[in-house]
Amino acid sequence: MFVPQKDLERLISSRRTSKPSWFNDQEPDHAAVRNAIEIARKAPNHHRTEPARFYLLDKSRIEEVGRLFGEIVAGDSPDEFLRERAAKKTEEWGSSPGLIVVTCFTDHSSELVAGKPAVIEEDYATCACICQNLLLLLHNLGFAAKWSTGPAWKHPDFRNVVGIPNAPPDERVIALIFYGHTEKAAPSPTYAPIEMKLSDHSNS
Ligand SMILES: Cc1cc2nc3c(=O)[nH]c(=O)nc-3n(C[C@H](O)[C@H](O)[C@H](O)COP(=O)(O)O)c2cc1C
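For clarity, every value in this text was computed on a predicted model and none was experimentally measured.

### Digging into the site of the ligand
Surveying the vicinity of the ligand reveals the residues R15, R16, T17, K146, W147, S148, T149, G150 and P189. At 2.5 Å, a side-chain N or O of T17 approaches an oxygen atom of the ligand. Between the ligand and the protein, one listed contact pairs an oxygen atom with a backbone N or O atom of T149 at 3.0 Å. Contact with the protein chains hides 56% of the accessible area of the ligand, taken as 620 Å² for the molecule alone. Here the shell around the ligand is built from residues that sort into 2 nonpolar, 4 polar and 3 charged.

Below is the structure:
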């Protein structure tokens, strides 16, 4: 019934963020991604609010999101460096073979939030768990992926392009998950020794 422990450890440890500019032209299996979303939702969720919403974009919407992010990066500045950076981002994001926008929906006017404002934070925590589930499932399927919070959502046209029905703060964007395939592998980050992070009183 269970996945061998070592396999799960290797899966978690080997997942890496990949830049969308590394993705090749191989068309992703979007049906597999859809199934991964279905499974990823099964994360801990206080009050069973099911806060995550997913928007699985097609090529034209991905291009649009790239264009909008370019406009956000460039702003009103005539600065040549910023304009170049914006053009790069438009190209990098807009040519990604796949993109999932994950949002967190919490009805701020609900009785639940009135009685327990912490629900807002707890809903975000659930969505973050779901994103990690998704990244691991994609990784196991052989996809490369990146969780980005690049603020494309600040663009006034973003919600319309993606099809997000609710305004913030009720529905907020928490992740743009770019996915595709690549031959490149990012180096593993180094982590501080566990002794610096864990206070282990289990044997006292
Ligand atoms: C909430 C969140 C937001 C992130 N936003 C960005 C981002 O906007 N741009 C980016 O390059 N990486 C972003 N990342 C990816 C991290 O930079 C990446 O996880 C980190 O460098 C560690 O690399 P690893 O994922 O390969 O372990 C984000 C990750 C998380 C969890």
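### Brief notes about the sheet that holds strand β2 (residues 98–105)
Remark on secondary structure: sheet strands pair via backbone hydrogen bonds, oriented parallel or antiparallel. The 4 strands are arranged β1-β2-β4-β3 in an open sheet whose pairing can be described as antiparallel. Both outer strands of the open sheet, β1 (52–56) and β3 (144–148), are each paired with one neighbouring strand and no more. Strand-to-strand twist of the sheet, defined as the mean angle between neighbouring strand axes without regard to direction, takes the value 20°. As defined by bridge partners, β3 adjoins strand β4 (residues 171–180) across 5 bridges and the pair is classed as antiparallel. Looking at β4, one finds that A144 is bridged to G180.

Cut-offs and rules
Residues numbered from 1 in each chain as written. Predicted model: local features only at pLDDT ≥ 70, side-chain atom pairs only at ≥ 80, totals over all residues. Heavy atoms only, no water. Near = heavy atom within 4 Å. Polar contact = N/O pair within 3.5 Å; in protein donor to acceptor, adjacent residues only side chain to side chain. Areas by Shrake-Rupley, 256 points an atom, 1.4 Å probe, with all protein chains shown as cover. Nonpolar A, V, L, I, M, F, W, Y, C, P; charged D, E, K, R; others polar. Pairing = 2+ DSSP bridges. Helix = DSSP H or I, 4+ residues; strand = E, 2+ residues; numbered from the N terminus. Axes fitted to C-alpha atoms, helices over the stretch in contact; angles between N-to-C directions.

Scope: geometric values only; no functional claims are made or implied.
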